[in-house]
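Architecture at a glance
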Number of protein chains: 4
Amino acid sequence: MEVGFLGLGIMGKAMSMNLLRHGFKVTVWNRTLSKSHELVEHGASVAETPAEVVRKCKYTIAMLSDPSAALSVVFGKDGILEQICAGKSYVDMSTVDADTSSKINEAIKERGGYFLEAPVSGSKKPAEDGQLVILAAGEKALYEEVIPAFNVMGKKSFYLGQVGNGAKMKLVVNMIMGSMMNAFSEGLVLAGRSGLEPSVLLDVLDLGGIANPMFRLKGPTMIQGSHSPAFPLKHQQKDMRLALALGDETATSMPVAAAANEAFKKARSMGLGDLDFSAVYETVKTLEEPSRNSQLR
Amino acid sequence: MEVGFLGLGIMGKAMSMNLLRHGFKVTVWNRTLSKSHELVEHGASVAETPAEVVRKCKYTIAMLSDPSAALSVVFGKDGILEQICAGKSYVDMSTVDADTSSKINEAIKERGGYFLEAPVSGSKKPAEDGQLVILAAGEKALYEEVIPAFNVMGKKSFYLGQVGNGAKMKLVVNMIMGSMMNAFSEGLVLAGRSGLEPSVLLDVLDLGGIANPMFRLKGPTMIQGSHSPAFPLKHQQKDMRLALALGDETATSMPVAAAANEAFKKARSMGLGDLDFSAVYETVKTLEEPSRNSQLR
Amino acid sequence: MEVGFLGLGIMGKAMSMNLLRHGFKVTVWNRTLSKSHELVEHGASVAETPAEVVRKCKYTIAMLSDPSAALSVVFGKDGILEQICAGKSYVDMSTVDADTSSKINEAIKERGGYFLEAPVSGSKKPAEDGQLVILAAGEKALYEEVIPAFNVMGKKSFYLGQVGNGAKMKLVVNMIMGSMMNAFSEGLVLAGRSGLEPSVLLDVLDLGGIANPMFRLKGPTMIQGSHSPAFPLKHQQKDMRLALALGDETATSMPVAAAANEAFKKARSMGLGDLDFSAVYETVKTLEEPSRNSQLR
Amino acid sequence: MEVGFLGLGIMGKAMSMNLLRHGFKVTVWNRTLSKSHELVEHGASVAETPAEVVRKCKYTIAMLSDPSAALSVVFGKDGILEQICAGKSYVDMSTVDADTSSKINEAIKERGGYFLEAPVSGSKKPAEDGQLVILAAGEKALYEEVIPAFNVMGKKSFYLGQVGNGAKMKLVVNMIMGSMMNAFSEGLVLAGRSGLEPSVLLDVLDLGGIANPMFRLKGPTMIQGSHSPAFPLKHQQKDMRLALALGDETATSMPVAAAANEAFKKARSMGLGDLDFSAVYETVKTLEEPSRNSQLR
């Protein structure tokens, strides 16, 4: 099976590598060409534009960083729309809002193409291990055709109905995750300041009813103040914002998510947006800064 | 090994039953006598006052509902202080604040007795299954003596140092749990209002990095609006309040926990305090109430 | 001076009436024709479309309910763009986001017209009394030409520089106002539940450092549960949302505004969106609802 | 009229000075003797203990910094209880919680004395100008006897019924004030980051429905980053905490006050507790700190 792959960031690179490893023929494109070198070494072809990828491949998959990137590869110069047509399919696995998905869906359908949105749950490690959870919505027939690719990139895929539902499901999951990360950060700091060992808190948590892989994975590095980016904080905050916007449309009051979102914004204002979303821990930790305060007096 | 057991609520009953099942001789006391019937059928003796339990047993364990109950069985008429003395030990497994534990500790030490606070993580089901996590602090020698009892009631016990640390660890864990329950509730409602199946959200969550036993256990019943009390909401809110008070003492800003606490208070104001803490879901769900609104216009 | 006036809602009607009373010749347009009757009785002419208003008048003022209405009268069929040209000016006094203003500004400038955004601070009563505060931004020369009209509708106008700044200033003011309304509501309910007379609280507040016209005006009717709409809650919540979006763009963490926004969303979910924004008081007040709770058990 | 006065902090000093200026004979006491020098120059006598003040004066007024100070001058060694008796009265104008007031009330009544709690609304400037608002509760006859002193220290006094109600009213007012200060801070920062002049925002606010003395007084110095303490932030945060505790007792959900409280706690953790409560503005303003972040990477 031959597929195109657009976007070779942290996630996209891992996902396309898995496709290559499992025998897919993959043609990649990335805004910055250098990111494709490693994939080429593993057998990928390189295209110069998204349009060229679509011209060459029946199925094109994308994993881009945000809605504006997702729109730009479709609608921009040398974009997907220039080549998409009957018999060609586009699967966007980026995390975008439902509106963005809908716009893309309509433009592609108009030209006779097929579209599936398929955002994923899981970050760097699950992407590398082919253990993502895939939330697909849109053309049901296309969903069934690309299941072999989904099986390589993920451990489970869901078909959720009309375009937009994949995006929405993803936002709901990430909203819960972002609030949990805040609660976890507050707990770790509170423990430390109250004379408890944060590492013992991790042991206690891991034995109880709220034990989960994220606490297990991130806890030890957070305590050390290390936040190397698996899922960048600015993307997590974007998802919180989009989930809150979905809550606004549906008149759903979400005070805990809103508080978590403001903490992520605080982290961004402290320049932590490119670190892992666990860096929100640093906003809770901030303590007395004597030099600064003396200036204030 | 012979032990006394004070307090036969949801938790205490399950815990003392496990002691009986594993061959401990148990003398129980409860404010309402009737609750001891089932335990008597399984071999427990009954005492008429906390003091009588202490007189009879070298080790007395308590599992009471809140700080005022914990103080009352110690300092009240016919309370523990009337009989505690050198060679007698008291292990309070209730969830109380650090101040309450300290008061009890001092009074018991003054009379020559030994004290251990040992709050637990886990509610009804883990209590019944002997799968609690026990957070002990205080007299280290006593901790080692009662390990056989802890091994029957829990799957793991920690010794955390000075009295107060058990209470604090418990509060930190429950604060994280309470915030997570809010995030989960907001997500379930947001999913439903956005045209997604809440039950599919549960499946997606359970495959990802934030999968945890609490979501797995409570999710299906929450969707049905059923909140039969394993851990009463009013107790969860009390723990949130105490954790926030600990944050106040240590100048730890916890905006997400504070938002979660207000949601639990809202639930209390709606009369849901005696239901399970998952009933905070109902505060998120509340939608238009036409009759009420028409009055307002 | 002859002016056109688009939009005869609560605000627009009062503002155009003031223009008429002070000798301006006014041509009005409203989506629902019937709202113009009273103005016609006071001497207004009626046009059938926004385009017709612009054709007839050198200066056209608009006061519309939200960004989509503001965009629609400009870009829609029979909209302003069909007639705007060199020598014609458009002053949009609606509360919209900066993006909406910018889009309108660009389209009008492209056709040679002049544009001023001029949102106002103040609701029904100040609009009726000509006591609005006007926040103008855009074409400076146009600002100076329309000062006579501004002087009739408002007590003070500011020129704030480039298009978008009027919208932003308005949002900042309304965000503060919305948070204050929440704080006030929480205080009134807390007073009542704590055994204090809410009306005495009003007296105490009015003597202190936070005394302000809004508390003085709204307090007495809020206590009675009356929220007849001067500034509809759904519009206040829209402004909170837009202000929070502005905070998102500028990485400004605003936890209090975010909490207030969620309370307004809760009010919307309770069906209170068309009442005055003081109806957020009802979300704080909600108490036990026995019939509902019994169902839950 | 002869009165005793305990506590010569920012507030107490201004209040006792006003009593002296209006012809009252005043005997003062302060923990740190040096603070009484200026008052002595204006004619005050000095006592060495609270008990000595009560022995000497029929009426003793206190203005202390917090509940523990308020309890200590009553119950401590050389405290008020040692001399209070039938015919002697004690008026506590400190801001304390209702429980503290009740304890003091009971102890004084038991010894035959009379008690009035009378916390005030207003800080340094109104204290100096005799423009406080006095919230009295307790012995009604005593209230009427001390009206001449209240008239000198305040512009208006209220009698609110049973002991505790003065404290509660004060907390409600300060809770609203604290939330407003946060909303104001968020607005000032948002304005500045969005390209608006914060000083123009102050002008706009002062013309609108939410214009109030606090914004007028504090705004200009806040913009300059100057927060010289009229009402110390740590005391404002204490009042927020006590108001939230009152909300907890009465099941009143106050999400906006809770968010504001966490911001004040954040300010405390940044070492700003002794500055004016307007310093919460600095928690909103915090921006990128490059050196710190580079360490994190």
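- Looking at an unreviewed UniProt entry, chain A carries the name Glyoxylate/succinic semialdehyde reductase 1, with the source organism given as Malus domestica.
- The UniProt entry for chain A carries the following text under Function (unreviewed entry): "Catalyzes the NADPH-dependent reduction of glyoxylate to glycolate as well as succinic semialdehyde (SSA) to gamma-hydroxybutyrate in vitro. May function in redox homeostasis and play a role in oxidative stress tolerance by detoxifying glyoxylate and SSA generated in glycolate metabolism and GABA metabolism, respectively."

1. A word on the overall build of chain A
- Looking only at helices and strands, chain A features 15 helices and nine strands.
- Relative to a compact globule of 297 residues, whose C-alpha radius of gyration would be 19 Å, chain A shows 21 Å and is just as compact.
- Along the first, second and third principal axes, the C-alpha atoms of chain A reach 65 × 45 × 45 Å.
- Going through the 297 residues of chain A one by one, you find that 64% of them count as buried.

2. Points about the interface of chain D and chain C
- The interface is formed by 57 residues belonging to chain D together with 57 residues belonging to chain C.
- When the two sides are added together, the surface that chain D and chain C hide from each other amounts to roughly 4,700 Å², 78% of it contributed by carbon and sulfur.
- At the boundary of chain D and chain C, one finds zero salt bridges.
- Between chain D and chain C we count twelve residue pairs in polar contact (both at pLDDT 80 or more) in total.
- Mapped onto the side of chain D that touches chain C, the elements with two or more residues apiece are strand S8 (132–138), strand S9 (154–159), helix H9 (165–193), helix H10 (198–206), helix H11 (213–223), helix H12 (233–249) and helix H13 (255–269) of chain D.
- In terms of residue count, the dominant contributor to the side of chain D that touches chain C is H9(D) (19 residues).

3. Some remarks on the relation of the copies chain B and chain A
- With an RMSD of 0.1 Å, the fit of chain B onto chain A corresponds to turning through 180° and sliding 0.0 Å along the axis. Overall, the copies show the geometry of a two-fold rotation axis. For chain B, the residue whose C-alpha comes nearest the rotation axis is Asn212(B), separated from it by 2.5 Å.
- Looking at chain B, 100% of its interface residues are interface residues in chain A too, so the copies touch through the same face.

4. Describing the packing of aromatic side chains
- Counting across every chain of the model gives 20 aromatic pairs over all chains.
- Judged by centre distance (6.1 Å) and plane angle (50°), the rings of Tyr143(A) and Phe150(A) are tilted. Phe150(A) matches Tyr143(A) in its accessibility class, with the two residues each being buried.
- Residues Tyr143(B) and Tyr159(B) carry aromatic rings whose centres are separated by 5.3 Å and whose planes lie at 40° to one another, so their mutual orientation is tilted. Separated by 16 residues along the polypeptide, Tyr143(B) in helix H7 (residues 140–145) and Tyr159(B) in strand S9 (residues 154–159) bring together distant segments of the chain.
- You can call Tyr143(B) buried: its relative accessible area is 9%.
- Overall, the relative accessible area of 27% leaves Tyr159(B) in the partly exposed class.
- The structure contains a cluster of three or more aromatic residues connected by ring pairs, namely Tyr143(A), Phe150(A) and Tyr159(A).
- Here the guanidinium or amino end of Lys156(A) rests over the ring plane of Phe158(A), the centre of that ring lying 5.3 Å away.

5. Regarding the side chain of Glu117(C)
Residues and elements named next belong to chain C.
- For Glu117, the position within the fold is in strand S6 (residues 114–117).
- Although Glu117 lies buried, it forms no salt bridge, and the closest oppositely charged side chain, Lys168, sits 8.2 Å away as judged by the N-O distance.
- A polar side-chain atom of Glu117 sits 2.6 Å from a polar atom in the side chain of Ser101.
- Among the polar contacts listed, one links the side chain of Glu117 to the backbone nitrogen of Gly164, at a separation of 2.5 Å.

6. Quick look at the nonpolar core
- If you look at the biggest cluster of nonpolar residues, it comprises 214 residues, and the most contacted ones within it are Ile176(A), Ile176(B), Ile176(C) and Ile176(D).
- Apart from the residues lying within four places of it in its own chain, the contact partners of Ile176(A) are Ala183(B), Phe184(B), Gly187(B), Leu201(B), Leu205(B), Ile210(B) and Phe215(B).

7. Considerations on the UniProt feature "domain: 6-phosphogluconate dehydrogenase NADP-binding" (unreviewed entry) in chain A
- Taking the numbering used here, the UniProt-annotated feature "domain: 6-phosphogluconate dehydrogenase NADP-binding" (unreviewed entry) corresponds to residues 2–161 of chain A.
- The distance from the first to the last C-alpha atom of residues 2–161 of chain A is 26 Å, and the span holds 41% helix and 24% strand.

8. What about the UniProt feature "active site" (unreviewed entry) in chain A?
Residues and elements named next belong to chain A.
- Taken from the UniProt record, the annotation "active site" (unreviewed entry) applies to Lys170.
- In this fold, Lys170 is placed in helix H9 (residues 165–193).
- On the accessibility criterion, Lys170 (6% relative accessible area) is buried.
- When residues no more than four places from it in sequence are discounted, the contact partners of Lys170 are Thr95, Pro119, Val120, Ser121, Leu135 and Asp239.

9. A short note on the interface of chain B and chain A
- Every contact between the two is made by 57 residues of chain B and, on the other side, 57 residues of chain A.
- Along the contact surface separating chain B from chain A lie zero salt bridges.
- Looking at the side of chain B that touches chain A, the elements with two or more residues in it are strand S8 (132–138), S9, helix H9 (165–193), helix H10 (198–206), helix H11 (213–223), helix H12 (233–249) and helix H13 (255–269) of chain B.
- At 19 residues, the largest contribution of residues to the side of chain B that touches chain A is made by H9(B).
- A breakdown of the residues in the side of chain B that touches chain A according to their chemical character gives 37 nonpolar, 13 polar and seven charged.

10. Here we look at the domain arrangement of chain A
Residues and elements named next belong to chain A.
- Structurally, chain A comprises domain 1 (2–162) and domain 2 (168–287).
- Between the C-alpha centres of domain 1 and domain 2 the distance comes to 28 Å.
- Facing the 14 residues of domain 1 at the interface are eleven residues of domain 2.
- Both faces combined, the contact of domain 1 with domain 2 buries some 1,100 Å², and carbon together with sulfur accounts for 70% of it.
- By the criterion of area lost to domain 2, the three top residues of domain 1 are Ile10, Thr95 and Leu135, representing 31% of everything that side buries.
- Applying the counting criterion to the domain 1 and domain 2 interface returns zero salt bridges.
- Taken together, domain 1 and domain 2 are joined by three residue pairs in polar contact (both at pLDDT 80 or more).
- Among the residues making up the side of domain 1 that touches domain 2, the classes are represented as seven nonpolar, four polar and three charged.

11. Some thoughts on a nonpolar patch on the surface
- Judged by side-chain polarity, Leu33(A), Val40(A) and Val46(A) come together as a nonpolar surface patch covering roughly 230 Å² of accessible area.
- By secondary structure assignment, the location of Leu33(A) is in the loop between strand S2 (25–29) and helix H2 (37–41).

12. Concerning the environment of Gly208(D)
- Its place among the elements puts Gly208(D) in the loop between H10 and H11.
- When the C-alpha positions of Gly208(D) and Gly192(D) are compared, they lie 20 Å apart, and in sequence the two are 16 residues distant.

13. Some remarks on the pairing of strand S4 (residues 59–62) of chain C
Residues and elements named next belong to chain C.
- The two faces of S4 match: Tyr59 and Ile61 on one face and Thr60 and Ala62 on the other face are all buried.
- The pairing of strand S1 (residues 2–6) with S4 spans four bridges and is parallel. For Phe5, the partnering residue across the bridge sits in S4 and is Ile61.
- Pairing geometry for S4 and strand S5 (residues 89–92), over four bridges, is parallel. Counted as the bridge partner of Ala62 is Asp92 from S5.

14. Regarding the environment of Asn261(C)
- By secondary structure assignment, the location of Asn261(C) is in helix H13 (residues 255–269).
- Separated by 21 residues in sequence, Asn261(C) and Met240(C) place their C-alpha atoms 5.8 Å apart.
- Contact partners of Asn261(C), with chain neighbours within four places excluded, come to Asp248(A), Gln237(C), Met240(C), Arg241(C) and Leu244(C).

15. Some remarks on the pattern of salt bridges
- Counting across every chain of the model gives 48 salt bridges over all chains.
- With a closest N to O distance of 3.8 Å, Glu110(B) and Arg111(B) form a salt bridge.
- It is possible to trace a salt-bridge network through shared partners that takes in Arg241(A), Arg268(A) and Asp248(C).

16. Some points on the pairing of strand S8 (residues 132–138) of chain C
Residues and elements named next belong to chain C.
- A large share of S8 lies buried, amounting to seven of its seven residues.
- With burial as the criterion, each face of S8 is covered, one bearing Leu132, Ile134, Ala136 and Gly138 and the other bearing Val133, Leu135 and Ala137.
- Pairing analysis gives two bridges linking S6 to S8, with the strands arranged antiparallel. In the strand pairing of S8, Glu117 is matched with Ala137.
- Sheet analysis places strand S7 (residues 120–121) next to S8, joined by two bridges and oriented antiparallel. Within the sheet, the bridge partner assigned to Ser121 lies in S8 and is Val133.

17. Points about the packing of H9(D) against H11(D)
All names here are of chain D.
- Following both chains from N to C, one finds H9 and H11 inclined at 45°, their axes separated by 11 Å at the closest point. Relative to H11, H9 is oriented oblique. In this structure, H9 crosses over H11, and the sense of that crossing is right-handed. Taking contact as the criterion, the partners of Met177, Met180, Met181, Phe184, Ser185 and Leu188 in H9 are, on H11, Met214, Phe215, Lys218, Gly219, Met222 and Ile223.
- In the contact of H9 with H11, the residues fall into nine nonpolar, two polar and one charged.

What counts as what
Numbers given to residues run from 1 along each chain, matching the order in which its sequence is written. Whichever chain is written first is A, and whichever ligand is written first is 1; the rest continue in order. Predicted model: local features are reported for residues with pLDDT of at least 70 only, side-chain atom pairs are reported and counted for 80 or more only, and whole-chain, interface and lining totals are derived from all residues. With hydrogens and water set aside, each side-chain value is computed from the structure's full complement of heavy atoms. UniProt positions are given in the numbering used here, feature names are shortened, and annotations may be inferred rather than shown by experiment. Here a helix means four or more residues in a row that DSSP labels H or I, a strand means two or more in a row labelled E, and each is numbered from the N terminus. To get the radius of gyration, use the C-alpha atoms; to get the globule rule, take the number of residues to the power 0.38 and multiply by 2.2 Å. Classification of residues uses two cut-offs on accessible area relative to the type maximum, computed with a 1.4 Å probe and protein chains only: under 20% is buried, over 50% is exposed, and between them is partly exposed. Pairs of residues are marked as contacts when any of their non-hydrogen atoms sit within 4.5 Å. Simply put, the buried area is the total loss of 1.4 Å probe accessible area from both parts when two parts are fitted together. Salt bridge, as used here, is a side-chain nitrogen of Lys or Arg placed within 4 Å of a carboxyl oxygen of Asp or Glu. We define a polar contact as two N or O atoms separated by no more than 3.5 Å, with the added condition that, inside protein, one atom must be a possible hydrogen donor and the other a possible acceptor, whereas residues neighbouring each other in sequence contribute only through side-chain atom pairs. Overlaid copies result from least-squares superposition on C-alpha atoms, with residues included only where pLDDT is at least 70 in both. What counts as a ring pair is set by centres within 6.5 Å for rings of Phe, Tyr and Trp (its six-membered ring), and what kind of pair is set by the plane angle: stacked under 30 degrees, edge-to-face over 60, tilted for all other angles. Here, over-ring charges are defined by two tests on the NZ atom of lysine or the CZ atom of arginine: distance to the ring centre within 6 Å, and angle to the ring normal within 35 degrees. A residue counts as positive if it is Lys or Arg and as negative if it is Asp or Glu; His and the chain ends are not included. Side-chain atoms within 4.5 Å are what join buried Ala, Val, Leu, Ile, Met, Phe, Trp, Tyr and Cys residues into a set we call a nonpolar core. Any residue that is not Ala, Val, Leu, Ile, Met, Phe, Trp, Tyr, Cys, Pro, Asp, Glu, Lys or Arg is counted as polar, Gly included; the first ten are nonpolar and the last four charged. Where a domain begins and ends is set by an automatic assignment or by a domain database. Note that patches include only residues with greater than 30% relative accessible area and no salt bridge, and the join distances are 9 Å for like charges and 5 Å for nonpolar side chains (Val, Leu, Ile, Met, Phe, Trp, Tyr). The accessible surface values rely on the Shrake-Rupley method and a 1.4 Å probe; as for residues, cover is taken only from the protein chains in view. Only strands that DSSP links by at least two bridges are regarded as paired with each other. Helix axes use the C-alpha atoms of the stretch in contact, all axes being lines fitted to C-alpha atoms, and the angles between their N-to-C directions lie in the range 0 to 180 degrees. Relative orientations are named as follows: roughly parallel for angles under 35 degrees, roughly antiparallel for angles over 145 degrees, roughly perpendicular for angles from 65 to 115 degrees, and oblique for any other angle. Note on convention: the crossing is left-handed when the near helix lies turned anticlockwise from the far helix by less than a right angle, right-handed when the turn is clockwise.

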